[in-house]
Amino acid sequence: MSPIPDDDDAISFADLNLRPELLKALTGLGYEEPTPIQREAIPPMMAGTDLLGQAATGTGKTAAFALPILERLAAERGATESRAPMALVLVPTRELAVQVSEAIHKYGRDLGARVVPIYGGQPIGRQLRALEYGVDVVVATPGRALDHIGRETLDLNDVKIVVLDEADEMLDMGFAEDIEAILEQAPAERQTVLFSATMPPRIESIAGAHLREPVRIRMGRAAPEPGEAPLVRQSAYVVPRSYKPAALGRILDIEAPAAAIVFCRTRDEVDHLTETLNGRGYRAEALHGGMGQEARDRVMSRLRSGTADLIVATDVAARGLDIEQLTHVVNYDVPSAPESYVHRIGRVGRAGREGVAITLAEPREHRMLKTIERVTRQRIEVLKVPTVADLRTRQLELTRAAVRETLLQDAENGGLDRFRMVVETLTDEFDILEVALAAVKLVHETNGMTDDDEEIPDVQLRAGPRTDRPRDGARDFRDGRERPGRRDGGPAGPGGRGRAGNPGMTRLFIGLGRRAGIRPGDLVGAITGESRLGGRDVGAIEIADRFSLVEVPDAAAEDVIAALRTATFKGKKATVRRERF
Ligand code: AMP
């Protein structure tokens with residue numbers, strides 16, 4: 001395997017020979033340069049070679065396979081109006097099917113690419129119409145893809161590229177045989193691309209059987225030399241995407257950095273975040289790759305002189321920046337490669353001073369954090385997002401410190417004397433303690449201590465190393481029972497086996513079972529599609545004739561119940577509640 005080169009080998013999207021329509025879409029999305037996995041995967045994919053890539057969510061792997069698919073689509077499909085898809089992307093969950101198909105749609109908008117997600121849990125009629133109408137790229141969960149192949153509503157005869165995305169995750173969910181069956185049906189002369197966050201033997205054997213002389217790509221393993229690693233306190237917060245701006249604001253309030261740089265992936269993100277942070281009372285400055293030297297210098301000198309507290313930048317924009325005063329580096333997203341993480345945090349912790357590196361990760365990206373920990377051989381502590389109460393306590397501490405400083409400095413040199421009259425006249429009417437309280441309140445408020453009372457959900461991640469086996473509770477069903485007709489026995493009703501439940505998990509009752517055609521993939525798909533959980537957060541699943549039981553982390557149970565109550569399973573509504581013991 002060739003390790004991915006580090007961040008300094010600047011290659012642009014144009015260097016990758018992408019056509020103008022795609023370059024325009026990427027610029028529009030604010031992507032400034034390809035991520036390492038894109039640099040490595042796009043050329044061989046465009047050359048038609050099979051590819052085996054080790055990459056987790058957050059590395060930019062979707063664009064790494066989507067852009068070559070779209071290139072080939074534009075080159076080969078041209079004016080022919082075939083209705084059958086040219087590319088098939090298999091993904092483990094409904095959530096990912098929607099996400100990947102939206103991404104391909106965005107990149108391929110100017111090429112008129114027709115992309116359809118198909119997954120369990122959505123009424124089949126809509127999918128049938130989309131397939132009938134004509135489609136270029138199908139992004140599907142394996143179970144539902146196989147259903148359509150069986151019904152002859154998904155025709156693989158024109159398929160030139162098959163992508164297996166998050167292959168280890170698909171195997172964990174019991175899709176191994178479905179994947180085999182689909183690959184058997186796809187034309188033999190196709191190009192096959194497999195991405196997986198881990199490379200256990202089962203993935204190697206699928207690759208051995210179905211990929212032809214693949215180019216292998218993996219995240220670089222180069223660990224920093226001893227002594228090279230900076231003295232940096234590293235922590236991460238796992239936050240659902242929609243709460244990230246609020247979470248960042250709160251973390252910064254608690255950390256109160258003297259000078260920080262916040263890294264974002266795209267220019268748009270830089271702009272939005274700069275605006276949000278300014279709205280929260282920070283003096284934040286955006287730094288773009290497209291800015292001229294003079295504008296950059298201006299921003300830098302504002303940070304140096306303390307006129308700005310934060311710089312919000314993309315990697316490209318921050319290249320070559322050297323700021324002595326920096327105390328904090330914030331990764332608003334998990335960097336796309338460990339090298340980029342090391343590079344970013346190397347900007348603090350210089351000359352023996354302690355620096356702080358903070359990373360915000362979406363629940364799906366927690367594996368990328370683990371990869372970074374492994375490669376850098378440094379621990380990143382996952383912390384809870386400060387609560388409203390934490391923030392209030394911290395704000396009061398800051399106010400107390402400010403008042404104390406004034407007392408220490410000004411009381412001695414008489415700087416407080418001119419306010420004596422104010423206090424004395426007020427004490428005719430009020431108790432002196434009340435006067436002090438009112439004055440402190442004013443200080444507190446004028447110092448911009450905003451009242452932020454939105455609670456940010458605490459996402460619990462599973463502890464411990466990942467293996468290529470399904471988790472204990474899930475092993476019951478995942479390998480053998482995924483497919484209807486293969487399942488024998490199992491719980492006949494409440495009181496079946498395995499009732500004790502796993503620690504930290506809440507068991508939910510869903511009032512639809514085998515008779516309604518429910519399969520584990522449908523439940524996982526509905527949960528990951530409707531809530532903030534990822535496929536790996538879902539625990540043991542049991543499917544009985546008339547109901548199903550599924551475990552979710554305790555902390556997420558209420559959210560999942562609320563979300564599933566409005567969801568449909570195979571087009572049907574179901575009773576959803578906590579399972580009573
Ligand atoms: P993925 O690993 O494919 O899930 O992508 C993670 C995130 O990175 C998505 O939000 C993409 O929009 C974003 N992304 C992908 N490629 C780039 C790039 N070259 N520059 C900036 N952001 C990117």
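Residues numbered from 1 in each chain as written. Predicted model: local features only at pLDDT ≥ 70, side-chain atom pairs only at ≥ 80, totals over all residues. Heavy atoms only, no water.

Surveying the vicinity of the ligand reveals 14 residues, the closest of which are Tyr31, Gln38, Gly58, Gly60 and Thr62. Between the ligand and the protein, one listed contact pairs a nitrogen atom with a backbone N or O atom of Glu33 at 2.8 Å. Within the contact set of the ligand, a nitrogen atom lies 2.7 Å away from a side-chain nitrogen or oxygen of Gln38. Coverage of the ligand by the protein chains reaches 82% of its 500 Å² of free accessible surface. (Near = heavy atom within 4 Å. Polar contact = N/O pair within 3.5 Å; in protein donor to acceptor, adjacent residues only side chain to side chain. Areas by Shrake-Rupley, 256 points an atom, 1.4 Å probe, with all protein chains shown as cover.)

The final tally for this structure, using the stated rule, is two aromatic pairs. An angle of 65° between the planes, with centres 6.1 Å apart, marks the rings of Tyr31 and Tyr107 as edge-to-face. Of this pair, Tyr31 sits in the loop between α1 (20–28) and α2 (36–46) while Tyr107 is found in helix α4 (residues 94–107), placing the two residues 76 residues apart along the sequence. On the basis of relative accessibility, which here comes to 5%, the residue Tyr107 falls in the buried class. (Phe/Tyr/Trp six-rings, centres within 6.5 Å; stacked < 30°, edge-to-face > 60°. Helix = DSSP H or I, 4+ residues; strand = E, 2+ residues; numbered from the N terminus. Buried < 20%, exposed > 50% of the residue type's maximum accessible area, 1.4 Å probe, protein only.)

This paragraph deals with the UniProt feature "short sequence motif: Q motif" (unreviewed entry) in the protein. UniProt records the feature "short sequence motif: Q motif" (unreviewed entry) at residues 11–39, using the numbering of this structure. In this annotation, residues 11–39 is assigned 45% helix and 0% strand; the end-to-end C-alpha distance for the span is 7 Å. (UniProt positions renumbered as here; feature names shortened; annotations may be inferred.)

Quick look at the side chain of His210 now. You can see His210 is positioned in helix α9 (residues 201–210). On the basis of relative accessibility, which here comes to 11%, the residue His210 falls in the buried class. Setting aside its immediate chain neighbours within four residues, His210 contacts Asp50, Glu180, Leu183, Glu184, Arg190 and Thr192. (Contact = heavy atoms within 4.5 Å.)

Let us look at the nonpolar core. Leu164, Leu194, Leu564 and Phe569 are the most contacted members of the largest nonpolar core, which totals 56 residues. Both of domain 1 (8–219) and domain 4 (475–578) provide at least three residues apiece to this core. In contact with Leu194, not counting residues within four places along its chain, are Leu51, Leu52, Gly53, Leu164, Ala167, Met199, Ile203, Ile206 and Leu211. Core analysis: the next-biggest nonpolar cluster, separate from the first, contains 40 residues, Leu16, Leu67, Ala97 and Tyr107 among them. (Core = buried A, V, L, I, M, F, W, Y, C linked by side-chain atoms within 4.5 Å. Domains from an automatic or database assignment.)

In space, the four strands of this open sheet follow the order β17-β18-β16-β19, with antiparallel pairing throughout. Each having just a single partner strand, β17 (541–543) and β19 (576–578) make up the two edges of the open sheet. For this sheet, the mean angle separating the axes of adjacent strands, direction not counted, is 25°. Here β17 pairs with strand β18 (residues 548–553) via three bridges, running antiparallel. Following the sheet pairing, Glu542 is matched in β18 by Leu549. This element, helix α20 (residues 520–530), spans β16 (505–510), β17 and β18 of the sheet and lies at about 130° to β17. Across the face of the sheet, helix α21 (residues 557–565) comes into contact with β16, β18 and β19 while running at roughly 160° to β19. (Pairing = 2+ DSSP bridges. Axes fitted to C-alpha atoms, helices over the stretch in contact; angles between N-to-C directions.)

As a further point, take the pairing of strand β7 (residues 191–196). Taking burial as the measure, the six residues of β7 include six buried ones, the bulk of the element. Taking every second residue as pointing to the same face, both faces of β7 are buried, with Gln191, Val193 and Phe195 on one and Thr192, Leu194 and Ser196 on the other. Direction of pairing for strand β2 (residues 51–54) relative to β7: parallel, over a ladder of four bridges. Note on β7: the bridge partner recorded for Leu51 is Val193. As paired elements, strand β6 (residues 161–164) and β7 share four bridges and run parallel to each other. Of the residues in β7, the one forming a bridge with Leu164 is Leu194.

A separate point is the pattern of salt bridges. With the rule as written, the count across this model stands at 34 salt bridges. As a salt-bridge pair, Arg241 and Asp333 come within 3.9 Å of each other at their nearest N and O atoms. Of this pair, Arg241 sits in the loop between β9 (232–238) and α10 (244–255) while Asp333 sits in the loop between β13 (328–331) and α14 (338–345), and the two are 92 residues apart along the sequence. For Asp333, a relative accessible area of 2% gives the class buried. A salt bridge links Glu373 to Lys370; the shortest N-O distance between them is 3.3 Å. Here Lys370 and Glu373 lie together in helix α15 (residues 366–376), a separation of three residues that amounts to about one turn. When its relative accessible area of 14% is taken as the criterion, Glu373 is described as buried. A single salt-bridge network, built from bridges that share partners, covers Arg241, Lys244, Arg265, Glu269, Asp333, Glu362 and Glu365. (Salt bridge = Lys/Arg side-chain N within 4 Å of Asp/Glu carboxyl O.)

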